[in-house]
Amino acid sequence: MTEEPGPGPFPTMTAAVQETYGPADLGATPLFGGGFINFGHWEGIPLDPFPDAADRARSQQALYHRVLAPLGPTRGLSAVEVGCGLGTGCALALEAYGFAQVTGVDIHPQQLDRARRAHAGLLAGGTERLRFVRGPAESMPFGDAAFDRLYSVEAAQHFRDLDAFAQEAARVLKPGGRAVVSSFFVPDADPGRPAQLAGLLDTFATGLDVAHSVPELTGCLERAGLTDVRVTSIGAAVWPGWDRWLSATWEPGTWPRNFLRAYREGLLDYYTVTAARPAPVTTPGDRPPAPSA
């Protein structure tokens, strides 16, 4: 299909993003699986005895359900996933939530190639119920008011410019549309948090992840004109399970195990943030005149 031009320049991927989602192929590592790349929502999944690969996949599916549920009603509508990665979340949204059409957009061409191979069956037939498009979160290659719903799962920590992302989210949503962003963020606006996180976690030290704060994100969404912005912490269902899964590969005291430490010390948490694009206000003068008798 022809991709629509975005409103701005195409930003360059950082070296860390290029490597992690390109040659390193993070989604193919044992830490992930099932076609997803997220830390998982572990509520209801036993952590003792040690979870198996099926439990791990179930945790990642559960995170998508936790994100998609607030978007309802969804049947017959269109949606875009920003930072779709391997595209399995798009397929889940299409099949489990009754969307008429789901578009996955991602900055990394190798991830999109993997997504197209993994979901070749759904892509076949030319119906365009599912499609994958290359583009950055900060300059999406879509026209105005293109989608009823927008969501992003564990990708916003890579976005370089939250203001630009929020402006784009508001632009591509139809009036009355809804958005959900879910990822790990700094709970407060303390300017010392980025350095603290870089000292604990290599992903922040290398620039793969950005220490965005929840107040920063909510402020960006509101400045973009989105309303009803609501923040929910889901860290209690994410961090202990993620640390338990990491423990099969990483010893205590190694940097990946510091995610749980950062959560316990109040440096980092996992959130869902919902927002809406206001629908036009209808006044009595906008209504057509009643038919005469």
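Residues numbered from 1 in each chain as written. Predicted model: local features only at pLDDT ≥ 70, side-chain atom pairs only at ≥ 80, totals over all residues. Heavy atoms only, no water.

Draft legend 1. The arrangement of unusual backbone geometry in detail. Of the consecutive residues Asp48 and Pro49, the connecting peptide bond is found in the cis state with omega at 10°. Positionally, Pro49 belongs in the loop between α1 (15-20) and α2 (53-68). Cis geometry marks the peptide bond from Gly72 to Pro73; its omega dihedral reads 0°. As for its placement among the helices and strands, Pro73 is situated in the loop between α2 and β1 (78-82). For Ala145, which is not a glycine, the phi torsion comes out positive at approximately 50°. (Helix = DSSP H or I, 4+ residues; strand = E, 2+ residues; numbered from the N terminus.)

Draft legend 2. Main features of the packing of aromatic side chains. This model, assessed by the stated rule, comprises 21 aromatic pairs. Between the aromatic rings of Phe39 and Phe259, the centroid separation amounts to 5.2 Å while the plane-to-plane angle is 70°, which identifies the pairing as edge-to-face. Of the two residues, Phe39 is situated in the loop between α1 and α2 and Phe259 in helix α11 (residues 258-264); the sequence distance between them amounts to 220 residues. Grouping residues by exposure puts Phe39 and Phe259 together as buried. One aromatic cluster is present, built from ring pairs that chain together Phe32, Phe39, Phe184, Phe204, Trp239, Trp242, Trp250, Trp255, Phe259, Tyr263 and Tyr270. (Phe/Tyr/Trp six-rings, centres within 6.5 Å; stacked < 30°, edge-to-face > 60°. Buried < 20%, exposed > 50% of the residue type's maximum accessible area, 1.4 Å probe, protein only.)

Draft legend 3. Region of the structure containing the pairing of strand β2 (residues 101-106). The element β2 is largely enclosed, with a buried count of six among its six residues. Sheet topology note: the β1/β2 ladder contains five bridges and is parallel. Its bridge partner being in β2, Val80 is matched across the sheet by Thr103. Chirality of the crossover, the property in question, places the unit of β1, helix α3 (residues 88-97) and β2 among those that are right-handed. (Pairing = 2+ DSSP bridges. Right-handed = clockwise from strand over helix to strand, strands pointing away.)

Draft legend 4. Region of the structure containing the environment of Glu265. Relative to the helices and strands, Glu265 is located in the loop between α11 and β7 (269-276). Accessibility expressed as a relative area gives 45% for Glu265, which makes it partly exposed. The spacing of Glu265 and Arg129 is 136 residues in sequence and 44 Å in space, taken between C-alpha atoms.

Draft legend 5. Broad picture of the side chain of Ser59. One can find Ser59 in helix α2. Judged by its relative accessible area of 0%, Ser59 falls in the buried class. Excluding its chain neighbours within four sequence positions, the residues that come into contact with Ser59 are Phe39, Gly40, His41, Trp42 and Ile45. (Contact = heavy atoms within 4.5 Å.)

Draft legend 6. How the structure looks around the sheet that holds strand β6 (residues 227-233). In space, the seven strands of this open sheet follow the order β3-β2-β1-β4-β5-β7-β6, with mixed pairing throughout. Edge positions in the sheet fall to β3 (130-134) and β6, since each has one partner strand and no second. Neighbour-to-neighbour, the strand axes of the sheet open up by a mean angle of 15°, direction not taken into account. Across five bridges, the pairing between β2 and β3 is parallel. Bridged to Gly104 within β3 is Phe132. Along the sheet, helix α4 (residues 109-118) contacts β2 and β3; its crossing angle with β3, the most-contacted strand, is approximately 165°. Contacts between helix α6 (residues 162-172) and the sheet are confined to β1, β4 (147-153) and β5 (173-185), with β5 contributing the most and set at about 150° to the helix. (Axes fitted to C-alpha atoms, helices over the stretch in contact; angles between N-to-C directions.)

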